[in-house]
Amino acid sequence: MRLSTRSRFAVAAMIDLALREKSGPVPLNTMSARLQLSLSYLEQFFSTLRQHELVESMRGPGGGYTLGRPAQAISVADIINAVEGSRALHSDEASEAGEAGWRLTQELWTGLSHKMMDHMQSITLQQLCQEQLDKGVQVEERPAARRGIFAQRKSEPVKTSAPNSVFALGNAFSKS
């Protein structure tokens, strides 16, 4: 099994999303600021999470991401498999140089990978969110996004004493 920082950040982002989705779709730019990750990096793995139907996206004003299914139906293994792909399930292949040593320990590492995957399959996103809430993590409430066409403020005409043309400017100088 291969776990990378990409997996770790994806799990953290999914926890952040699950904690805040009751207020509506969560924009990636606000998540980027909270998790201190670049927006483009978040966009990369949210695209993959969307392809695996773990999240859904909404476009437009007030848009963002929501969970694709209930938090209790999403496991840590689901998230890791989505962002890491099939390589997360398999132990590293041996190179020709170390093939003899790899064959000696192949069963050990394969068994360990399966046990880790089974354990991560048993941990749900809901459990991780509840742990965070039990620790006292504060989830800010954001106001509901207003949608539709907004009336523009009426602008008052600008009053100026400056001449409005070249001729008026010339007349202003000739009078003085």
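Our subject is the structure listed above.
Rules of the game
Residues numbered from 1 in each chain as written. Predicted model: local features only at pLDDT ≥ 70, side-chain atom pairs only at ≥ 80, totals over all residues. Heavy atoms only, no water. Helix = DSSP H or I, 4+ residues; strand = E, 2+ residues; numbered from the N terminus. Buried < 20%, exposed > 50% of the residue type's maximum accessible area, 1.4 Å probe, protein only. Lys, Arg positive; Asp, Glu negative; His and termini not counted. Salt bridge = Lys/Arg side-chain N within 4 Å of Asp/Glu carboxyl O. Contact = heavy atoms within 4.5 Å. Core = buried A, V, L, I, M, F, W, Y, C linked by side-chain atoms within 4.5 Å. Patch = residues over 30% accessible without salt bridge, like charges linked within 9 Å, V, L, I, M, F, W, Y side chains within 5 Å. Areas by Shrake-Rupley, 256 points an atom, 1.4 Å probe, with all protein chains shown as cover. Pairing = 2+ DSSP bridges.

Asks: Go over the side chain of Arg6 with me, naming the residues and quoting the values.
Replies: On the secondary structure map, Arg6 appears in helix 1 (residues 5-20). Although buried, Arg6 forms no salt bridge, and the nearest oppositely charged side chain, Glu84, lies 5.5 Å from it. Leave out the neighbours within four places in its chain, and Arg6 touches Tyr41, Gln44, Phe45, Thr48, Val83 and Glu84.

Asks: Explain the nonpolar core to me, and be specific about the residues and the numbers.
Replies: In terms of nonpolar packing, the biggest core is built from 33 residues, with Met14, Leu17, Phe46, Leu49, Ile79 and Leu125 touching the most fellow members. The set of elements that each furnish at least two residues to this core consists of helix 1, helix 2 (28-35), helix 3 (39-51), strand 2 (64-67), helix 4 (76-84), helix 5 (99-121) and helix 6 (125-134). Looking at this core element by element, the count peaks at 8 residues for helix 1. The residues contacting Phe46, other than those within four sequence positions of it, are Ala13, Leu17, Leu28, Met31, Val55 and Tyr65.

Asks: Break down a nonpolar patch on the surface for me, citing the residues and quoting the values.
Replies: Taken together, the side chains of Leu3, Leu108, Trp109, Leu112 and Met116 define a hydrophobic patch exposed on the protein surface, amounting to about 470 Å² of accessible area. Among the structural elements, Met116 can be located in helix 5.

Asks: I'd love a proper account of helix 4, names of residues and values included.
Replies: Burial analysis of helix 4 places 7 of its 9 residues in the buried class, which makes it a mostly covered element. Listed as buried for helix 4 are Val76, Ala77, Ile79, Ile80, Ala82, Val83 and Glu84. Buried residues along helix 4 sit against helix 1, helix 3, helix 5 and helix 6. Trailing helix 4 by a residue or two, Gly85 shows a phi angle of about 75°, which is positive.

Asks: Break down the pairing of strand 1 (residues 55-58) for me, citing the residues and quoting the values.
Replies: Both strand 1 and strand 2 contribute to a ladder of 4 bridges, which runs antiparallel. Bridge pairing in strand 2 places Ser57 opposite Tyr65. Once strand 1 ends, the chain turns through 5 residues before running back antiparallel as strand 2, passing Gly60 with a positive phi of about 90°.

Asks: Please give an account of the pattern of salt bridges that cites residues and values.
Replies: Per the stated rule, a full pass over the model turns up 3 salt bridges. A salt bridge links Arg20 to Asp16, with the nearest nitrogen and oxygen atoms 2.8 Å apart. Here the residue Arg20 and the residue Asp16 both occupy positions in helix 1, the gap between them amounting to 4 residues, near one helical turn. Taken as a pair, Arg20 and Asp16 share a single burial class, namely buried. Its salt-bridge partner being Asp78, residue Arg69 comes within 3.3 Å of it at the nearest N-O pair.

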